[in-house]
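Working through the structure, step by step
Chain by chain, the residues run as shown.
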2 protein chains.
Amino acid sequence: MQGLMQDWPLLIHRIIDHAAIQHGGRKVISRSIEGPIHTTDYASIRRRALKVAQRLARDGIRDGDRVATLAWNTWRHLEAWYGITGIGAVYHTVNPRLFPDQQIWIINHAEDRVMMTDLTFVPLLEKLADKLPTIERYIVFTDGAHMPKTTLKNAVAYEDWIAEVDGDFAWASFDENTAAGMCYTSGTTGHPKGVLYSHRSNVLHAFMAALPDSKGLRSNDVCMPVVPLFHANGWSLAFSTPMVGSTFVLPGAKMDGPSIYELLDTYKVTFTAAVPTVWLMLLQHMEANNLKLPYLKRVVIGGSACPRAMTEKFEKNYGVEVIHAWGMTEMSPLGSLCTMKPDYAGLTGTARLDLQQTQGHPPFGVEMKITDDNGRVLPWDGKTFGRLKVRGPAVAREYFKGDGGDILDDDGFFDTGDVATIDPHGYMHVTDRAKDVIKSGGEWISTIELENLAVGHPKVAEAAVIGAPHPKWDERPLLIVVLKEGERATREELLDFMRDKVAKWWLPDDVAFVTEIPHTATGKIQKTTLREQFKSHVLPTVEAAE
Amino acid sequence: MQGLMQDWPLLIHRIIDHAAIQHGGRKVISRSIEGPIHTTDYASIRRRALKVAQRLARDGIRDGDRVATLAWNTWRHLEAWYGITGIGAVYHTVNPRLFPDQQIWIINHAEDRVMMTDLTFVPLLEKLADKLPTIERYIVFTDGAHMPKTTLKNAVAYEDWIAEVDGDFAWASFDENTAAGMCYTSGTTGHPKGVLYSHRSNVLHAFMAALPDSKGLRSNDVCMPVVPLFHANGWSLAFSTPMVGSTFVLPGAKMDGPSIYELLDTYKVTFTAAVPTVWLMLLQHMEANNLKLPYLKRVVIGGSACPRAMTEKFEKNYGVEVIHAWGMTEMSPLGSLCTMKPDYAGLTGTARLDLQQTQGHPPFGVEMKITDDNGRVLPWDGKTFGRLKVRGPAVAREYFKGDGGDILDDDGFFDTGDVATIDPHGYMHVTDRAKDVIKSGGEWISTIELENLAVGHPKVAEAAVIGAPHPKWDERPLLIVVLKEGERATREELLDFMRDKVAKWWLPDDVAFVTEIPHTATGKIQKTTLREQFKSHVLPTVEAAE
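About the criteria used
- Residues numbered from 1 in each chain as written.
- Chains lettered and ligands numbered in written order.
- Predicted model: local features only at pLDDT ≥ 70, side-chain atom pairs only at ≥ 80, totals over all residues.
- Heavy atoms only, no water.
- Contact = heavy atoms within 4.5 Å.
- Buried area = accessible area lost by both parts, 1.4 Å probe.
- Salt bridge = Lys/Arg side-chain N within 4 Å of Asp/Glu carboxyl O.
- Polar contact = N/O pair within 3.5 Å; in protein donor to acceptor, adjacent residues only side chain to side chain.
- Core = buried A, V, L, I, M, F, W, Y, C linked by side-chain atoms within 4.5 Å.
- Buried < 20%, exposed > 50% of the residue type's maximum accessible area, 1.4 Å probe, protein only.
- Pairing = 2+ DSSP bridges.
- Helix = DSSP H or I, 4+ residues; strand = E, 2+ residues; numbered from the N terminus.
- Axes fitted to C-alpha atoms, helices over the stretch in contact; angles between N-to-C directions.
- Least-squares fit on C-alpha atoms with pLDDT ≥ 70 in both.
- Phe/Tyr/Trp six-rings, centres within 6.5 Å; stacked < 30°, edge-to-face > 60°.
- Lys NZ or Arg CZ within 6 Å of the ring centre and 35° of its normal.
- Arc of directions from axis to C-beta.
- 1 Å grid on protein atoms, 1.4 Å probe; cavity = no way out; pocket = protein on both sides within 12 Å on 5 of 7 lines; lining within 4 Å.
- Points joined across faces, edges and corners; volume = space filled by probe spheres on them.
- Nonpolar A, V, L, I, M, F, W, Y, C, P; charged D, E, K, R; others polar.
- Domains from an automatic or database assignment.

Where interface size is quoted, it is often the accessible area lost as the parts come together. With 76 residues of chain B at the interface, the matching set in chain A holds 76 residues. Note on chain B versus chain A: buried area summed over both sides is about 6,100 Å², and carbon and sulfur give 59% of it. Contact with chain A buries surface across chain B, with Met1(B), Met5(B) and Phe364(B) losing the most and accounting together for 16% of the total. There are 8 salt bridges connecting chain B and chain A. Close ionic contact of Arg14(A) with Glu367(B) constitutes a salt bridge, the shortest N to O distance being 3.6 Å. Linking chain B to chain A there are 36 residue pairs in polar contact (both at pLDDT 80 or more).

Following this line, the structure appears as structure tokens:
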């Protein structure tokens, strides 16, 4: 028997409708690419998003068509997302930090028909355009006065383009499982793979993200996503913020310390979110200039592990609550947030910081398990680590065009590729990537833990740990180190430093000194390259074992 | 094109799964019907709910079957809801405050197969049982030791009944639109009509209810629903509380001031919800005994309008934030909550109390409009009042068995039967019931406002206003008054008191003094009876008009 409740599909444009009706005058403040601060409100965002929808429809863009955006966080980018999805088309965010070859590959694979971009990226796109045959026209997020001369096909200034329609238009109606957004994963190996969000997944994920124990967003918050919309679906902030009607502050292209601080202070931002690198720049700027953060209450830090010192500084020196978070493009992207359950409410000082090194617990709508290589479920004791697998309405079931094949296990869980522990209260801690973890005599050794330990040595600038082949143990850890400018150190010196701080059998078998460690375009250590580089490296323990 | 996210239907049992996994040790504390305080946790609630599901299945209860509950808020009632819905059956809450004839009618109309009830109601049910042919067995929420001798068919103590299975059982899988719960409206006229919630509507509604600007529930809250589960789907608390993992306090059968105070104080309740009557008893008890509420932070007051003095006392004397709320059985039931948007964040004193007399604003997922009798949309100016209509995924589209016919307008909105204003910031204020509003010369007069005004007179105990027929104006207000014990007053005295406080044309044309005003079983003024009683009443203004 079916319930008798209304058929009200979870469509993204209902979010901007709600914001325009219930929070219509609430401000949306952006640092424009042209320079000045631009202020608008949700009612206007919706009106202009309807024009985007109407104008795209006139250009022949239809249900399921992909519209690329290569752009910073501004009001125009936000309008574009709602306009694109409002006719059943799909926003495809392209990451400007990828290598040009990757961008070309992604845009062609997605078969994007339109490219919406910022002034910043016009020169880049002019170089790539020859290799982007599916793009029919380029729309530049600016007005006629700022529009550059360009060779880009059918290029038009966004303001001129939407001025060609009157906005007398209604959102399209369709099934809530209709595709809405697309973001490619930036894997360290192989081609990127496309994740395809639906209207339903984005709306449900916004609910999950806004809950009090997640981001806890409300209408009297002033929310600034420093994390770009092109980074893993913008951490849901384009949806969860209008859903609750917070004031919105969008930082445009400038993410340096002084620029971010200026917005935080001027617009009394209460909530913000970004990767650790951004906060490092902010903290350095504030320390150098003796600045304070009287308005900021919460900062979500994710994308990579939040250093302990960063959490400590934010909380102790600035009175800002740090919410360490974890997720991935395949998860829309939020998987867990480290907010305090009552079980840990009493923690202070070091114990609290220890807990905040974990990536926290999932909201309702994300299920987690950790398993061994054979899929056997492992205990939640905070010590045992295994492959982290997730399930939920905002988790990918497959990649675009079926790339990568079947990605779910028999119970429908997606393997995150991370290795993690989960404690008895559900707090998850990522200890490594599954492909990096070292398997020594059937037991796992976390390379991340060893790297964190090694960089604690005063002479070490950067460290990477990989598994080197070993006849007896299969693999043993090899520590690869870049010393700080002008420093010298010996193998023994570093191993002695680490010796008392890890289990004896975790201690690297050897240390290699290098002048540089290779990185991906998004700043991750390229371990595949390191493994290739050190494939002939013979551990000093090998001979002894043979 | 469809998105490629996982198929993860919104099923109620996923909520108790999440609570058991992420908040398994969090306490669920009940005042038992047998007397003592009973303490359990979410992990145990889930284990026992699985037994309920398994045991019902063994009794032949299947997908779509209705299982009645006539019971107070206890852990067993909570387990029953999850157990019933976990096999696709439907909990049907029966309100013990209804007249026996209504209870019989409702149970037969629902064709309930099983009745789960408290010790409290065994004597009542023994009297009704002959007239309840569809009920195959009675399960009493108690253990063998407390089980009374009873004539009820196949009666069994709940604890004995679930002890017959081992709990090795899995929730059923089905479509999220499957019926989950049922609650009959207690209309003032005609037969009650059944509202049929789905799994989807209950899960989405729990998200809406838990948002920071709604109830703002989090795991470190201690949540006590004094509002019974049988009152309008328990205001979602059976779902929104485990969804976020708050500690749960269930007050059982005792809702008097001392009993409620004892729980609030002993278990450090931070969040509670009930109708004004309950809070009146609590406030009287606290005033008489000079008690405080050091732990309580927020109280949701709904079901009927929250008196201004109550809001003032809670906030000023006890430091508790009052959240005035509005909803109805047909809305799962929350429609709006009066939390502060930034537009009103600066309000204090009288201005804040004025705003708190409104029923607040809807969360994402509830759409509202006000219209005239012809369906024309009226402005949101805080003054114009019209029929309040709503739309959303947790709003009814029709009643059980099609009773009442088509209940949606052409745009899919449900007419709430309330008359309301909405202000420019979306704050809704119920001014009357549509069937009670007086239509005088094409303009509407709110009977509730006149009644509130009349009871402000020191001699008036209770007041009702109805429309009396008038040849020129169609209807004019007739004020019907019960004076306080031993008081005497004249028509002129009361009208003079009201004269300067309303628009001239709103002033009642006459006053009738009575010794009693008729009420429904749930305490609402029975205006149909009053209209019948006063149908021959001739207004003194009639002759003048003719």
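Further notes follow.
Counting residues in hydrophobic clusters, the biggest one holds 170 residues, and the most contacted among them are Met116(A) and Met116(B). Once residues lying within four places of it in the same chain are set aside, the contact partners of Met116(B) are Val52(B), Val67(B), Ala68(B), Thr69(B), Leu70(B), Ala80(B), Ile84(B), Ile139(B), Phe141(B), Tyr158(B) and Trp161(B).

To continue, consider the sheet that holds strand β13 (residues 298–301) of chain A. Residues and elements named next belong to chain A. The 8 strands lie next to each other as β2-β1-β11-β10-β12-β13-β14-β15, forming an open sheet whose pairing is mixed. The outermost strands of the open sheet, each flanked by one partner alone, are β2 (37–41) and β15 (334–337). If you compare each strand with its neighbour and ignore which way they point, the axes differ by 20° on average. Across 3 bridges, the pairing between strand β10 (residues 222–225) and strand β12 (residues 271–274) is parallel. Bridging across to β12, Pro225 finds its partner in Ala273. Against the sheet, helix α10 (residues 276–289) makes contact with β12 and β13, and its axis sits at roughly 120° relative to β12, the strand it touches most. Contacts between helix α11 (residues 308–318) and the sheet are confined to β13 and β14 (321–327), with β14 contributing the most and set at about 145° to the helix.

Let us now look at the relation of the copies chain B and chain A. Each copy of the sequence occupies a distinct position, and chain B is placed on chain A by a rotation of 180° and an axial shift of 0.0 Å, giving an RMSD of 0.1 Å. Look at the turn and shift together and you get a two-fold axis relating the two. Of the interface residues in chain B, 100% have counterparts in chain A that sit at the interface too, so the contact is made through matching surfaces.

So, about the environment of Gly83(A). All names here are of chain A. For Gly83, the location among the structural elements is in helix α3 (residues 75–85). Placed 32 residues apart in sequence, Gly83 and Lys51 show a C-alpha to C-alpha distance of 7.2 Å. Filtering out sequence-adjacent residues up to four positions away, Gly83 remains in contact with Ala49, Val52, Ala53, Leu56 and Trp171.

All names here are of chain B. Mapped onto the fold, Ser32 is located in the loop between β1 (27–31) and β2 (37–41). You can call Ser32 buried: its relative accessible area is 9%. Within polar-contact distance, the side chain of Ser32 engages the backbone oxygen of Pro36 at 2.6 Å.

Below, the discussion takes up the pattern of salt bridges. Taken as a whole and assessed by the stated rule, the structure comprises 79 salt bridges over all chains. The salt bridge involving Arg48(A) is made with Glu159(A); its shortest N-O contact spans 2.7 Å. In this pair, Arg48(A) is assigned in helix α2 (residues 42–58) and Glu159(A) in helix α6 (residues 158–163), connecting sequence segments 111 residues apart. Of the residues examined, Arg48(A) reaches a relative accessible area of 17% and is grouped as buried. Glu176(B) is the salt-bridge partner of Arg200(A), the closest N and O atoms lying 2.8 Å from each other. Placement of Arg200(A) in helix α7 (residues 199–210) and of Glu176(B) in the loop between α6 (158–163) and β8 (179–184) is noted, with the two residues assigned to different chains.

A few words on unusual backbone geometry. Trans is the common state for peptide bonds, and a negative phi is the common state for residues other than glycine. Following Ser332(A), the chain continues into Pro333(A) via a peptide bond in cis, with omega recorded as 10°. Relative to the helices and strands, Pro333(A) is located in the loop between β14 and β15. A positive phi angle, close to 50°, is found at Asn154(A), a residue other than glycine. Position of Asn154(A) among the secondary structure elements: in the loop between β6 (137–140) and β7 (156–157). Residue Asn154(A) is classed as partly exposed on the basis of its relative accessible area of 48%. The phi torsion at Lys401(B) lies on the positive side, around 65°, for a residue other than glycine. Within the fold, Lys401(B) resides in the loop between β17 (386–391) and β18 (414–422). Given the relative accessible area of 45%, Lys401(B) is considered partly exposed.

Residues and elements named next belong to chain A. In space, the 4 strands of this open sheet follow the order β16-β17-β18-β19, with antiparallel pairing throughout. Two strands in the sheet have a free side with no partner beyond their single neighbour: β16 (367–371) and β19 (428–433). Strand-to-strand, the axes of this sheet are offset by a mean angle of 50°, without reference to chain direction. Pairing geometry for strand β17 (residues 386–391) and strand β18 (residues 414–422), over 4 bridges, is antiparallel. Paired with Arg387 across the strands is Val419, a residue of β18.

So, on to the packing of aromatic side chains. Taken as a whole and assessed by the stated rule, the structure comprises 33 aromatic pairs over all chains. Aromatic pair Trp8(A) and Phe364(B): ring centres 5.7 Å apart, planes at 65°, arrangement edge-to-face. Separated into two different chains, Trp8(A) in the segment before α1 (12–22) and Phe364(B) in the loop between α12 (349–356) and β16 (367–371) make up a pair that spans both. For the pair Trp8(A) and Phe364(B), one class covers both residues: buried. When the centroid spacing of 5.3 Å and the interplanar angle of 35° are considered together, the rings of Trp72(B) and Phe121(B) count as tilted. Of this pair, Trp72(B) sits in the loop between β3 (66–70) and α3 (75–85) while Phe121(B) sits in the loop between β5 (114–117) and α5 (122–128); the two residues are 49 residues apart in sequence, bridging distant segments of the chain. With respect to burial, Trp72(B) and Phe121(B) carry one shared label: buried. Directly above the ring of Tyr399(B) sits Lys193(B), whose terminal nitrogen or CZ lies 5.4 Å from the centroid. The ring of Phe413(B) has Lys369(B) sitting right over it, with the charged end atom 4.3 Å from the ring centre.

Now for helix α12 (residues 349–356) of chain A. Residues and elements named next belong to chain A. Restricting attention to buried positions, one finds in α12 the residues Arg352, Leu353, Leu355 and Gln356. All buried residues of α12 lie within an arc of 160° about the axis, which places them on one face of the element. The inward-facing, buried residues of α12 abut α11 and β14.

The subject of this paragraph is empty space enclosed by the protein. All names here are of chain B. In this structure the tally under the stated criterion is 2 cavities of 30 Å³ or more. Asp213, His361, Pro362, Pro363 and Phe364 are the residues nearest the centre of the largest cavity, which is lined by 14 residues in total. Here the residues of the lining of the largest cavity are counted per class, giving 9 nonpolar, 4 polar and 1 charged. Roughly 100 Å³ of internal volume is contained in the second largest cavity. Looking at side-chain class alone, the lining of the second largest cavity contains 7 nonpolar, 4 polar and 1 charged residues.

Here we take up the environment of Ala420(B). Residues and elements named next belong to chain B. Examined against the element boundaries, Ala420 turns out to sit in strand β18. When its relative accessible area of 0% is taken as the criterion, Ala420 is described as buried. When the C-alpha atoms of Ala420 and Ala461 are compared, they prove to be 26 Å apart, with 41 residues separating the residues in sequence. Non-local contacts of Ala420, meaning those with residues more than four positions away in its chain, are made with Ile370, Thr384, Phe385, Gly386, Leu388, Met428, His429, Val430 and Thr431.

Residues and elements named next belong to chain A. We note that the domain assignment places domain 1 (13–30 + 39–199), domain 2 (254–432) and domain 3 (438–545) within chain A. Tallying the contact residues gives 16 residues for domain 1 and 11 residues for domain 2. Counting the surface lost from both domain 1 and domain 2, the interface buries some 1,200 Å², and carbon and sulfur atoms represent 70% of this. Considering only the surface of domain 1 that becomes buried against domain 2, His109, Lys193 and Tyr197 emerge as the three largest contributors, covering 37% of it. For the pair domain 1 and domain 2, the number of links is 1 salt bridge. Lys401 serves as the salt-bridge partner of Glu111, at 2.7 Å between the closest nitrogen and oxygen. Elements with a minimum of two residues in the side of domain 1 that touches domain 2: α4 (100–110), β8 (179–184) and β9 (194–198). Of all the elements, β9 adds the most residues to the side of domain 1 that touches domain 2, at 4 residues. Residue composition of the side of domain 1 that touches domain 2, by class: 9 nonpolar, 3 polar and 4 charged.

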